[in-house]
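Residues per chain, in single letters:
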Amino acid sequence: MQFVFRNFGLSDLPRRGLTPQEAPLEVLLLDIEAELSIWEQGREVWSEGAFPVAELAYELALWLQSRAAGHEDFELDSRHAEVGLIRIVGSGEG
């Protein structure tokens, strides 16, 4: 499985009246967006524009550093994405 990110942007920061330097971490995690696509065996299986990729990266890093990684499933619980939209689930095949 491969995650591909393209066309990064911070489109909501100016609306909030913030610059990247003054925005709190939780705002940056939600506002750094990009087109996200997921590829499996050289084939795109899913794509979404303006996805909160910084939040996804942050949550994945926390999961990978925890004892849960490899033993418990991952599910992105985002304020901007549908619950369960990104899930990593163990199976008997790996």
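Counting of residues starts from 1 at the beginning of each chain's written sequence and follows it residue by residue. For a predicted model such as this one, the threshold for reporting local features is a pLDDT of at least 70, and the threshold for listing and counting side-chain atom pairs is 80 or more; totals across whole chains, interfaces and linings nevertheless cover every residue. Note that water and hydrogens are dropped before the side-chain values are worked out from all heavy atoms of the structure.

When its secondary structure is counted, the protein chain shows three helices and five strands. Put simply, DSSP marks the helices as runs of H or I at least four residues long and the strands as runs of E at least two long, and each gets a number from the N terminus on. N-terminal to C-terminal, the α/β element order of the protein chain is β-α-α-β-β-α-β-β. Viewed in the frame of its principal axes, the protein chain has a C-alpha envelope of about 50 × 30 × 20 Å. In the protein chain, 39% of the contacts between residues at least 6 apart in sequence involve partners at least 24 apart. With an accessible surface of roughly 6,400 Å², the protein chain has 49% of that area assigned to carbon and sulfur atoms. When the 7 basic and 17 acidic side-chain charges of the protein chain are each reduced to a single mean position, those positions are 1 Å apart. Working rule for contacts: check all heavy atoms of both residues, and any pair within 4.5 Å makes them a contact. For the accessible areas, the method is Shrake-Rupley and the probe is 1.4 Å, while residue cover comes only from the protein chains on display. Neither His nor the chain ends contribute to the count of charged residues, in which Lys and Arg are positive and Asp and Glu negative. One atom stands in for each charge, and that atom is NZ of Lys, CZ of Arg, CG of Asp or CD of Glu.

Let us look at the sheet that holds strand β2 (residues 33–40). Criterion used throughout: strands pair if DSSP finds at least two bridges between them. Spatial strand order, β1-β2-β3: three strands in an open sheet with antiparallel pairing. Each edge of the open sheet is held by one strand with a lone partner, namely β1 (2–9) and β3 (43–51). Mean inter-strand twist for the sheet, computed between neighbouring axes without regard to direction, equals 15 degrees. Angular values range over 0 to 180 degrees, each being the angle between N-to-C directions of two axes fitted as lines to C-alpha atoms, with helices fitted over their stretch in contact.

Here we come to the pattern of salt bridges. Salt bridges are counted wherever a side-chain nitrogen of Lys or Arg sits within 4 Å of a carboxyl oxygen of Asp or Glu. Enumeration according to the criterion identifies four salt bridges in this entry. A salt bridge links R16 to D31; the shortest N-O distance between them is 2.7 Å. Of this pair, R16 sits in helix α1 (residues 12–16) while D31 is found in helix α2 (residues 25–31), placing the two residues 15 residues apart along the sequence. Residue R16 is classed as partly exposed on the basis of its relative accessible area of 36%. The exposure class of D31 is buried, given its relative accessible area of 0%. We call a residue buried when its accessible area falls under 20% of the maximum for its residue type, exposed when it is over 50%, and partly exposed in between, using a 1.4 Å probe and counting protein chains only.

Here we take up the packing of aromatic side chains. Between the rings of Phe, Tyr and Trp (Trp by its six-membered ring), a pair exists once the centres lie within 6.5 Å; its type follows the angle of the planes, with under 30 degrees stacked, over 60 edge-to-face, and the other angles tilted. For the coordinates displayed, the defined rule picks out three aromatic pairs. With 6.3 Å between their ring centres and 45 degrees between their planes, F5 and F8 make a pair best called tilted. Residue classification places F8 among the exposed residues on the basis of a relative accessible area of 54%. Their ring planes at 55 degrees and their centres at 5.5 Å tell us that W63 and F74 sit as a pair that is tilted. In this pair, W63 sits in helix α3 (residues 53–65) while F74 sits in strand β4 (residues 74–75), placing the two residues eleven residues apart along the sequence. Here the two residues W63 and F74 agree in accessibility, since each one is buried.

A few words on the nonpolar core. Joining through side-chain atoms within 4.5 Å is the link that ties buried Ala, Val, Leu, Ile, Met, Phe, Trp, Tyr and Cys residues into a set, and such a set is a nonpolar core. Membership of the largest hydrophobic core comes to 13 residues, with the highest contact counts inside it found for L36, F51, L56, F74, L76 and I86. Contributing elements (two or more residues each) for this core: β2 and α3. Considering each element in turn, this core owes the most residues, four residues, to α3. Leaving out residues up to four positions away in the same chain, L76 has contacts with F51, E55, L56, E59, V83, G84 and I86.

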